[in-house]
Amino acid sequence: MKVMLRQNAAGQLVVYVAKKDLEEEVVSQTIAAEGKIFTLANGWELAIPDLAEPLRLPQTIEAKRLA
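Source: prediction; values computed, not measured.

S.K.: Quick rundown of the pairing of strand β4 (residues 35-40)? Include the residues and the values.
M.R.: Among the 6 residues of β4, 6 are classified as buried, and the element is accordingly described as predominantly covered. Counting the residues between successive antiparallel strands, the hairpin from strand β3 (residues 22-32) to β4 contains 2 residues. Sheet analysis places β4 next to strand β5 (residues 45-48), joined by 4 bridges and oriented antiparallel. Residue Ile37 lies in a different strand from β5, and its bridge partner there is Ala47.

In structure tokens:
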């Protein structure tokens, strides 16, 4: 699914999923075999392969929902 990464006014990383009209803060980030795993405030886990560092925001990327 396509998601947009950006920073909010408080400096937190935020993920927006347009198809679900969902915007949630990222509460944790881990590295796994699938790529970078973002855990959102609502409990969703999104795997994002090939995420370039340093992170350039805002950007739209392809993500896979794990949980």
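S.K.: Can you lay out the nonpolar core for me, pointing to particular residues and giving the numbers?
M.R.: Val3, Leu5, Val15, Phe38 and Leu46 are the most contacted members of the largest nonpolar core, which has 15 residues in total. Where this core is concerned, the elements lending two or more residues are β1 (2-7), β2 (13-17), β3, β4 and β5. Top contributing element to this core by residue count: β2, with 3 residues. Filtering out sequence-adjacent residues up to four positions away, Leu46 remains in contact with Val3, Val15, Lys36, Ile37, Phe38, Leu40, Ala63, Lys64 and Arg65.

About the cut-offs
Residues numbered from 1 in each chain as written. Predicted model: local features only at pLDDT ≥ 70, side-chain atom pairs only at ≥ 80, totals over all residues. Heavy atoms only, no water. Buried < 20%, exposed > 50% of the residue type's maximum accessible area, 1.4 Å probe, protein only. Helix = DSSP H or I, 4+ residues; strand = E, 2+ residues; numbered from the N terminus. Pairing = 2+ DSSP bridges. Core = buried A, V, L, I, M, F, W, Y, C linked by side-chain atoms within 4.5 Å. Contact = heavy atoms within 4.5 Å.

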